[in-house]
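Breakdown of the fold
Listed here are the chains, written in short residue letters.
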Amino acid sequence: MTPATAMAVAATVEQARAAVGVLPRPLGFVPTMGALHPGHLALVAAARAECASVVASVFVNPAQFGPGEDFERYPRDYAGDRAKLEHAGASLLFAPESGAIYPPGYSTVIDVGPMGARYEGAVRPTHFRGVATVVSKLLNVVRPDVLYVGQKDAQQTAVLRKMVRDLDVPVRVQIVPTVREDDGVALSSRNVYLTAEQRAAAPTLHAMLRAFLGRLREGASGEAAAREARPVLSPLAQLDYLDLVDADTFEPLAALRSPAFAIAAVRFGNTRLLDNIWVAR
Ligand code: AMP
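Procedures and definitions
Residues numbered from 1 in each chain as written. Predicted model: local features only at pLDDT ≥ 70, side-chain atom pairs only at ≥ 80, totals over all residues. Heavy atoms only, no water. Near = heavy atom within 4 Å. Polar contact = N/O pair within 3.5 Å; in protein donor to acceptor, adjacent residues only side chain to side chain. Areas by Shrake-Rupley, 256 points an atom, 1.4 Å probe, with all protein chains shown as cover. Helix = DSSP H or I, 4+ residues; strand = E, 2+ residues; numbered from the N terminus. Nonpolar A, V, L, I, M, F, W, Y, C, P; charged D, E, K, R; others polar. Salt bridge = Lys/Arg side-chain N within 4 Å of Asp/Glu carboxyl O. Buried < 20%, exposed > 50% of the residue type's maximum accessible area, 1.4 Å probe, protein only. Pairing = 2+ DSSP bridges. Axes fitted to C-alpha atoms, helices over the stretch in contact; angles between N-to-C directions. Domains from an automatic or database assignment. Contact = heavy atoms within 4.5 Å. Buried area = accessible area lost by both parts, 1.4 Å probe. Expected span 1.5 Å × (residues − 1). Arc of directions from axis to C-beta.

A separate point is the site of the ligand. Surveying the vicinity of the ligand reveals 17 residues, the closest of which are Met33, Gly150, Asp153, Val179 and Leu187. In this structure, an oxygen atom belonging to the ligand sits 2.9 Å away from a side-chain N or O atom of His40. Alone, the ligand offers 490 Å² of accessible surface; in the complex the protein occludes 93% of this. If you list the elements that add at least two residues to the shell around the ligand, you get β2 (27-32), α2 (38-50) and β5 (146-150). Top element by residues in the shell around the ligand is α2. It accounts for three residues. Each residue belonging to the shell around the ligand can be placed in one class, and the counts come to eight nonpolar, seven polar and two charged.

Turning next to the pattern of salt bridges. With the rule as written, the count across this model stands at 15 salt bridges. Salt-bridge contacts for Asp70 lead to Arg190; the nearest nitrogen and oxygen are separated by 2.8 Å. One end of the pair, Asp70, is in the loop between β3 (53-58) and α3 (78-88); the other, Arg190, is in the loop between β6 (172-176) and α8 (196-201), with 120 residues separating them in the sequence. Both residues of the pair, Asp70 and Arg190, belong to the buried class. For Lys162, the salt bridge identified is with Asp166, shortest N-O distance 3.0 Å.

The next thing to look at is the sheet that holds strand β8 (residues 260-268). Paired through backbone hydrogen bonds, the strands of a sheet run either parallel or antiparallel to each other. Strands sit in the order β7-β8-β9 across an open sheet of three strands; the sheet is antiparallel. Looking at strand neighbours, the two that pair on one side only are β7 (237-246) and β9 (271-279), the edges of this open sheet. In this sheet, neighbouring strand axes are inclined to one another by 15° on average, regardless of whether the strands run parallel or antiparallel. In terms of strand pairing, β8 meets β9 through nine bridges, oriented antiparallel. From the neighbouring strand, Ile263 faces β9, where its bridge partner is Asn276.

A few words on the domain arrangement of the chain. Assigned domains of the chain: these are domain 1 (8-176) and domain 2 (189-279). Summarising the inter-unit geometry, the C-alpha centres of domain 1 and domain 2 are found 25 Å apart. At the junction of the two partners, domain 1 supplies 22 residues and domain 2 supplies 23 residues. Roughly 1900 Å² is buried in total at the junction of domain 1 and domain 2, and carbon and sulfur atoms are behind 49% of that figure. In terms of surface lost to domain 2, no three residues of domain 1 exceed Tyr119, Glu120 and Gln151, which account for 31% of the buried area on that side. Put simply, domain 1 and domain 2 have three salt bridges between them. Where Arg272 meets Glu120, a salt bridge forms, and the shortest distance between an N and an O atom there is 2.6 Å.

Before going further, it helps to examine the environment of Met208. Locating Met208 in the fold gives a position in helix α9 (residues 203-217). On the accessibility criterion, Met208 (0% relative accessible area) is buried. Put simply, Met208 and Ala158 are 50 residues apart on the chain and 23 Å apart in space, counted from C-alpha to C-alpha. In this structure, Met208 is in contact with Ala229, Arg230, Val232, Leu233, Leu239, Leu242, Ala264 and Val266, ignoring residues within four places of it in sequence.

Glancing now at α2. For α2, spanning 13 residues, the distance from its first C-alpha to its last is 18 Å, which sits close to the expected 18 Å at 1.5 Å a residue. Restricting attention to buried positions, one finds in α2 the residues Gly39, His40, Leu43, Val44 and Ala47. What you see down the axis of α2 is that its buried residues fit within an arc of 155°, all on one side. The exposed set on the far side of α2, more than 90 degrees from its buried face, consists of Pro38 and Ala49. Residues of α2 that are buried sit in contact with β2, β3, α3, β5 and β6.

Written out as C-alpha cells, the structure is:
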C-alpha cells in the first residue's frame, strides 16, 4: 500500500521539533539504530495501527557502545531505511548526525541503577546508560504519546519503562512481540555478522530457551533447568547467560513465576545474540 503523504525527514533537533509540531495526534515513536528489518517495521506497523502519526528515528548512538564494540562497523543503510520507513507509512524520519544529539560539551547521562548493571549491563557496563540517555533526549524532541519498543531487547524495554516511570515522562511504553525468521531466529541487525555455519546453528539459542522454560514448567529449579538446557546450544556458541528474571526488575528468580522473562545471550565468535521468552501472568 502506498502511503497517502510523503514522509518528512529531519536532521536537526530544530527541524524535528518543527515537523512534529504539525503532525496529527496521537503520535507514536519508534527509535532505531537503522539497518531496518521486518522486526523494526513491526514496531512501525503497531504504531500505525494505534496512532494518527508515526515518527521513526535512525541514530547509531555512540554512547551505547563500549570501547572495542562494533560502533564503527555497525551496519548502516540510510537510503534503504528511508525507503522502508516511507513505504511503511511513517510520517517523519528523524536521522540526526552525532553532533546534533551530542554537541561539544555535552555531559548529562541517565543511570537507571542496578537494573542496568545486570545481564547485558554486566557485559556492557555503559550500555543502558547510553540507551536511557539517548531515548530520553529523543522523547524530549519528539514528545510522542506512545513509545514502541521490541520485546527482543527485553532488558532494554524494562530499563526504558523504569526510566519513564522514575522520571514521570508523559509517554506510554508499548512492547511489540519479537519478529523471527522461519527457523526461530530473532531478526537482528547484527545477524549479518554471522557466517553461514554460525547462522545455521543460531536457532539453537531459541531452542535452548524453550528447553529451559520446559524444565522450569516441569518443576525444575532455575539452576537445574539451565544445566539441563545448556547442551541444546550449538558448540559453536559460547553462553553468556541463561536465566529466569522478573519482567519488571530483571532480578533473577529461583523458580518459575510470572510475569517473567526467560533470557539468554550467546556469542558466535564476536557476534552476540540475545533472545528471550515472555512468561505471561
Ligand atoms: P535497534 O535498531 O536494534 O536499536 O532496535 C530498535 C527497536 O527495534 C528496539 O525497540 C528493538 O527492540 C526493536 N527490534 C529489534 N529487533 C526486533 C525484532 N526481531 N522484533 C521486534 N522488535 C525488534
